[in-house]
Amino acid sequence: QVQLVESGGGLVQAGGSLRLSCAASGRIFSVNAMGWYRQAPGKQRELVATITSGGSTNYADSVKGRFTISRDNAKNTVYLQMNSLKPEDTAVYYCNADLRLYYFDYVGKNYWGQGTQVTVSS
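What you see is a predicted model, and the numbers here were worked out from it, not measured in a lab.

**Description of the overall build of the chain**
And then number 1: Within the chain, the regular secondary structure consists of 0 helices and 11 strands.
And then number 2: Along the chain, helices and strands appear, N-terminal first, in the series β-β-β-β-β-β-β-β-β-β-β.
And then number 3: Counting only C-alpha atoms and orienting by the principal axes, one finds that the chain spans roughly 50 × 25 × 25 Å.
And then number 4: For the chain, buried positions account for 41% of its 122 residues.
And then number 5: Separation of charge centres in the chain, based on 12 positive and 8 negative side chains, amounts to 3 Å.

What follows is the structure in structure tokens.
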């Protein structure tokens with residue numbers, strides 16, 4: 001009954017911008033962290049950016065200075081503002097959330113969105 005709903009992917013020219021959104025819905029007790037991962041054809045899924053409920057962020061070196069992750073804790077929503085996009089950013093982007101569904105959960109459980117395609121043309 002937990003669902004991660006993504007939006008904002010699409011086609012953009014190199015140097016352009018996109019903003020991805022992901023909202024976690026369902027019965028959620030608390031959100032430990034949310035983030036974005038991506039997977040390009042022939043490559044492993046890799047971390048793009050994460051953010052904790054307290055606001056601590058982590059970025060892949062390849063996106064530092066270009067991407068910004070943010071969150072709205074009240075809405076269990078995470079955003080990824082992607083600027084200065086490059087063709088190598090082309091990938092399927094997956095929303096990820098580390099969630100506690102019950103008050104007695106000592107640790108969170110990982111959930112994934114369905115993925116959204118981001119294509120950057122040169």
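Still more to cover.
**Comments concerning the nonpolar core**
And then number 1: The biggest cluster of nonpolar side chains holds 32 residues, and the ones touching the most others in it are Trp36, Leu80, Met82 and Tyr93.
And then number 2: Looking at this core, the elements that each hand over two or more residues are β3 (18–25), β4 (30–39), β5 (46–52), β7 (67–72), β8 (77–82), β9 (91–100) and β11 (116–121).

**Re unusual backbone geometry**
And then number 1: In the Ramachandran plot, Asn76 falls in the positive-phi region, its phi being about 50° despite a non-glycine side chain.
And then number 2: Following the sequence through the fold, Asn76 ends up in the loop between β7 and β8.

**Here we look at the pattern of salt bridges**
And then number 1: Applying the stated rule across the entire model yields 4 salt bridges.
And then number 2: For Arg38, the salt bridge is made with Glu46, and the minimal N-O distance between the two is 2.8 Å.
And then number 3: The buried category is assigned to Arg38, whose relative accessible area is 5%.
And then number 4: We note a salt bridge from Asp89 to Arg66, for which the minimum N-O separation is 2.7 Å.

**Considerations on the sheet that holds β3**
And then number 1: The 4 strands lie next to each other as β1-β3-β8-β7, forming an open sheet whose pairing is antiparallel. At either margin of the open sheet sits one strand with a lone partner, and together these are β1 (3–7) and β7. Ignoring strand direction, the axes of neighbouring strands in this sheet form an average angle of 15°.
And then number 2: Two strands pair when backbone bridges link them, and β7 and β8 are joined in this way by 6 bridges, in the antiparallel orientation.

Rules used throughout
The residue count restarts for each chain, going from 1 along the sequence in the order it is written. Only residues with pLDDT of at least 70 are given local features in this predicted model, and only at 80 or more are side-chain atom pairs given and counted; all residues enter the totals for whole chains, interfaces and linings. Note that the side-chain values use all heavy atoms of the structure and ignore hydrogens as well as water. Helix and strand labels come from DSSP, where a helix needs a run of H or I of at least four residues and a strand needs a run of E of at least two; each type is numbered from the N terminus. Three exposure classes are used, based on accessible area relative to the maximum for each residue type with a 1.4 Å probe and protein chains only: buried under 20%, partly exposed in between, and exposed over 50%. The positive count covers Lys and Arg only, the negative count covers Asp and Glu only, and His and the chain ends enter neither. All charge positions are set by atom: Lys at NZ, Arg at CZ, Asp at CG, Glu at CD. The set of buried Ala, Val, Leu, Ile, Met, Phe, Trp, Tyr and Cys residues whose side-chain atoms join them within 4.5 Å is what this entry labels a nonpolar core. Counted as salt bridges are all cases of a side-chain nitrogen of Lys or Arg within 4 Å of a carboxyl oxygen of Asp or Glu. In this description, strands pair whenever DSSP reports at least two bridges between them. For every element, the axis is a line fit to its C-alpha atoms; helices are fit only across the contacting stretch, and the angle between N-to-C directions ranges from 0 to 180 degrees.

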